[in-house]
Structures are given as structure tokens and as C-alpha cells.
Amino acid sequence: MSQYIFRRIIEAIPVVLGVSILVFLMVHLIPGDPAVALLGERATDENIDALRERWGLNEPLHEQYLIWVGNIMQGDLGNSRRGNLDISRELRNRFPATIELSLTALTIATLLGIPIGIFSAVKRNSWFDTGSMLGALLGVSIPIFVLGLLLMFFVGVELGWLPFISRLDSNISLERVTGLHTVDAIITGNWDAFVNAVSHLILPAITLMTISLAVIARITRSAMLEVLNQDYIRTARAKGLQERKVIRTHALRNALLPVVTIIGLQLGTLLSGAVLTETIFAWPGIGKWLFDSIQARDYPIVQSVTLLVAMIYVFVNLAVDILYTVIDPRVRNA
Amino acid sequence: MSSRTPAISLKTSDSDEQRTLSMWQDTLSRLLRSPSARFGGFITISFIIISILVPLLDNYNASRDSNLSARYNEPDCIIGFINGSMDGDFLCEFPFGADENGRNIFRRVGHGMSVSLVAGVFSVAIAVSIGTTIGLASGYLSGWVDSTAMRIMDVVLAFPSLLLAITLVTVAGPGLRNGMIAVAVTQIPVYARLARSMAISVRNMEYVMAARSVGASDFTIIRKHIFPNSLAPIIVQSTLGLGTAVVETAALGYLGLGQQPPFPELGKMLADSQSSLASGKWWVMLFPAVTIILMVLGFNLLGDGLRDALDPRLRGND
């Protein structure tokens, strides 16, 4: 097993390198001087010279890349064009909002999707199965921004049940501990803020989770159906085991393996979906930041957010692959 | 797959029919047997026909379209119908209502749909042609070509697709053309991997060796023997990919990176409708939203149906 894990880590290295080179080249592909692209058209000569020095823009391209990687390793992602913000600090401020939204969406999607998939498979062709699979089909067919707008209008505006702008009402104050509002509210025992934060979280989380929920339910169902056709399930039933036990101990454990992979892959969908969801609901995470920066042509921010999300995606996929070998003895012993 | 035996049998039982049908005839008959695939096919074909007809029949000049006297006109047919004035005293001038510039949403949805569909088809066409070529070549040739191509594909796949499309358009400049290309780039690895796996699975088949032994060139072998055999999964994937491509180009439009105003595009129309929602002007959002949902649903139903119809494991089971 350790050999497999080792090989998998080695295989990830060229991908990490490729991703970083691509993101690095981004600024150089914009027509014109990269220093101007990074600083904006109104930058002074002094500022441009300082930037060239810091990022080695007078050096050959491969040296620039090494300097860039070196700076990033030390946590220096550069400064934004507008307002000269320190990007790494700003990223730390905004990232928890995205984490809170994505993890909530992923958790709900998993907790609902797996049982729906199992039940659909066990009660194959029942009304529940037909209904939930139709729902799943609709779920993968409805674009995130369309669902977001529909929810915002019908639940937020017309019915007025839930707030649909930002993370907290402006009159609620909350002490920052982790940056995750719901967690901070629990830690500080601020129940008003907790209720408020949760109510703000509901619509964006539903919007973001729908595709993942549909995908997880579909995969669980088809994995479960495949396992239920296996000989060992027939054996288990033939030896007189209770149906509940057959499903729980024999079918489920095997059916959940592909589901683990899919859940890991959903994180990528969620992180790019976050750009749209956060834009719709004015959620102050990195997705909204990316959108605002694109509008303002603030390339250093676009570059940093892209790099961060892509790296998270690569490492999550790696972690899922490794986890897969840990939980599946067939892969482990292969 | 080139065994095109004519359907000479007149027997109607399923098992006899399958033995005498060619693969594509068989697929079509299995596809038509599934109600959901029929529904998906119906939506897809209607949308294609509308998308072709609308630009031909209606000469729309988006930059001149503004009629402030009709600002936020309600969808007159529907409202009239609901209010029960069926005696014909309501007009059907704005079936889907009008937006903040008094533009006819029905007309704009028609043109926007056409733009989204064309953008989707173009992105998929680019992705399929480049991806399949890369995949077939690297699967058949193997060696360093294969490993280089696949590592590059890995890098492209390492980005969540919409994020990569956003980044590419940011660099290349917003616009429908760049949006289409960006969406295509994110989809290339999907087809490359698919074509590669098909090429590997048929590479050592006897008929490929036979072709090689009579002196056929690599190019001929790939074109005449390997490509036709990998067609089925690629067709399924491109139908499903059309849905993804339509959603992603619309998402770019929503973010202001796709089709630029004043030209109609469904994603951009939805983004613009957001400011009208707070005042309860639901029609500005609802009709483009339903159009895009139906379009994607149609592709997904048809793609799922095709996958089931072409799946050899399911063949003969029903």
C-alpha cells in the first residue's frame, strides 16, 4: 500500500508544477507589460521598478518563475492593484466564508444524497425511486445561477422567509475567532448571531449543494444496484440473513467505495460553483472576490485565487485516492 | 461495427430483431423505446429548430432595441389568460413581458437561446475534434507521446472547469468567441481520455494487426479502424457535454465574461434581471431561466438515453 501511496504522490508532482506554471504564465499572456498588468495603467515608474525588483521581472522567464514560487512559498502573493492590499492577508480573511459555505453544502449533500441513493436502489422502481431520480436529473440540469436566482426571488423576495444578502445582518456583531460565523457564534455563546448566521447560510448552501446532492444520490444508487446483483449478496440472503443486515453489512460497505471518490471530486464543483453562488448572494468569500477582481481587472488577485483553488483541488484528489486505498483492501493488497 | 446487415427479418419479437439490426439501427430503436429519451430528443430537436429559424425569420438589431414606453410590461398573454379575459381583448405583444429597457423578452429569449445553443455546439465540436485526435494518437502510439499528452491533460483537469474557463477568458478578454474557446479547452481532456482508452482497447485487436500487416499507415489505421470503434462513447459524452457547455457559456455570460451587451444571451439576461427582482418583476428572470433549464434537461435526457441504448452490457437484457 505504501508503495502505491508513494507512487501516487510522485505522480502528483508534475501536475502541481504544471498548474503553477500555467497560473504563473497567466499574467504574461495578457497583452502588454506584465508589470503594468500587475500594477494597473496608472502606476508610477517608481512603483513599477520596485515591482520588477521584487518579482524579478527583468530576469529571464524561468528565473522569474522560480522567484515567483519562492515568494509564494514564503506566503507572499503580492499586492492587489486597487488599494495595494496584501493578498495573502486578505485571502485569510475571506477564505473562511467560502469554507463555511462549501463544507455546509458538501455535508448536507452527503448526508441527504447517500440515504436517498440507498433507498432508491433498495426500493428500485418504486415511486420514491422514480421521484428522487427525476429530482436528481433536474438537479444536475439546473444551472447554479438559475437556481440561485429562483430561490432568491421566490423564497427571499416574494415569501420573505430568509435573508439573501451577505453572511450576517449589519446590526449583529460577532467576535472573530475562526472566521466561520456559525462556529464563532457557538464558541462565543452568541445565540442571536448563530441563528442569524444560519439563516443567511441556508439559501446559498441549498443553491451550491444541489448539483452535488444529485450526483451523490445517482452514484450511490447505481453503485448499490451493482452490488445488490453480486453473488455474495445472494449468498447472504440464501443463508437467511435479515434483509436489513444484508444491506447494512454486506451491500453498503462495498457500494460506498465509489461514492467516496465522487464526494472528493465534488469539492472542485463546489469551489467553482462558489464563484457563482457567492456572486448571486453577495457572500464575502473568495468566489465573490474573484468576480469583483475580474470586473476590476485586478490580475494579481485573479492569479492568487486561481492558484489557491487549483492547488486545493489537486490535493483533495490526491487525498481521496490515498483514502481509497486505505478503506479498500482490494486496492491496498494489489 | 461496420457489419451493416440489412433488417430482413419481419419477426417482431425483441431477440430476433436484435440479431438482424445494425448497431445504429438497434441503438435508435432502443432509444425510441425509452420515454425519457424520447422526451429529451423532442426538446433537443425543437430547440435546434427554433434556434435555426429565429435568426432567419427575425432580423433583430439588438443595439437599437429600446422602447421605454414598454418598460417592464407584464407578460400580457399569460396575465390576460389568468385574469380570464378570454374574449380576446388582450394582445399578445409581449408573451414573456418586457425588461427594464422595454425590450421584448420573448424575442430576446429566442435569440439568446440560439446564441447559447450555437456556443454550446461550437465548444463541444472544438473539444471533441482536438480531444479525440489527442486521445487516439496517444493511445495508439503510446510511449512518450502518450505520457506527455496525458500529463498535459492532467494539468488541465487539475482545475475545476468553470474556474479555468473564467481564468482563460479573463486573460484573453471577455466575449462570446473567447468564452466558447475557453469552455472547449476545459472539455478537451474528457474526450482525450475517452478516445485514448478506446484506442488502447482496440489497438491489439486482430483486425488492427491485419491492417498493419498489409501495410496500412498509422494514420489510416487510426482513421479507419480505431476511430469508428470509439465513436459510440464519444457521441454519448458529447451529448452530455453539450449540456455542460451550454451551462458554462451561460455562466460566463452571467459573470459578464461571455456575450457582451446589448446582444441577448441567456446568462447575461439572467444577470441583468437580478436588479429587477427586488421590485417583483419576476418575468424578466423566469423565462430565460426556464429556457436554459429545459435546454440542459433535454441534452441530459437524450445523453442518458443514448448511453443506455449504446451500453453493450444492457443489450439483450430487455
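So, here's what we can say about the structure. (Residues numbered from 1 in each chain as written. Chains lettered and ligands numbered in written order. Predicted model: local features only at pLDDT ≥ 70, side-chain atom pairs only at ≥ 80, totals over all residues.)

1. Considerations on the overall build of chain B
Argument step 1. When its secondary structure is counted, chain B shows 13 helices and 0 strands.
Argument step 2. Listed N to C, the secondary structure of chain B is α-α-α-α-α-α-α-α-α-α-α-α-α in terms of helices and strands.
Argument step 3. Within chain B, buried positions represent 46% of all 318 residues.
Argument step 4. Within chain B, counting contacts between residues at least 6 apart in sequence, those at least 24 apart form 72% of the total. (Helix = DSSP H or I, 4+ residues; strand = E, 2+ residues; numbered from the N terminus. Buried ≥ 20, exposed ≤ 12 C-beta atoms within 10 Å, placed from the backbone. Contact = placed C-beta atoms within 7 Å.)

2. A closer look at the interface of chain B and chain A
Argument step 1. Contacts between the two partners involve 33 residues from chain B, matched on the other side by 37 residues from chain A.
Argument step 2. Residue assignment for the side of chain B that touches chain A shows that the elements contributing at least two residues are helix 6 (143–157), helix 7 (161–172), helix 11 (231–254), helix 12 (266–277) and helix 13 (282–310) of chain B.
Argument step 3. Here the element with the most residues in the side of chain B that touches chain A is helix 13 of chain B; it accounts for 8 residues.

3. Examining helix 4 (residues 61–73) of chain A
Argument step 1. Helix length check: helix 4 of chain A, at 13 residues, gives a terminal C-alpha distance of 18 Å against a target of 18 Å (1.5 Å per residue), a fit within 8%.
Argument step 2. With its phi angle positive at about 80°, Gly75 of chain A sits one or two positions after the end of helix 4 of chain A. (Expected span 1.5 Å × (residues − 1).)

4. A word on the environment of Trp283 of chain B
Residues and elements named next belong to chain B.
Argument step 1. Its place among the elements puts Trp283 in helix 13.
Argument step 2. For the pair formed by Trp283 and Leu240, sequence separation is 43 residues and the distance between their alpha carbons is 29 Å.
Argument step 3. Apart from the residues lying within four places of it in its own chain, the contact partners of Trp283 are Glu74, Pro75, Phe96, Gly97 and Ile105.

5. Side note on the nonpolar core
Argument step 1. Counting 166 residues, the largest nonpolar core has Leu149 of chain A together with Leu270 of chain B as its most contacted members.
Argument step 2. At 18 residues, the largest contribution of residues to this core is made by helix 9 (residues 191–228) of chain A.
Argument step 3. For Leu149 of chain A, the residues in contact, after removing those within four places along its chain, are Ile280 of chain A together with Leu270, Gln274, Met285 and Ala289 of chain B. (Core = buried A, V, L, I, M, F, W, Y, C linked by C-beta atoms within 7 Å.)

6. Things to note about the environment of Val247 of chain B
Residues and elements named next belong to chain B.
Argument step 1. With respect to the element layout, Val247 can be found in helix 11.
Argument step 2. The class for Val247 is buried, based on 28 C-beta atoms found within 10 Å.
Argument step 3. C-alpha of Val247 to C-alpha of Met295: the two residues are 48 residues apart in sequence and 9.4 Å apart in space.

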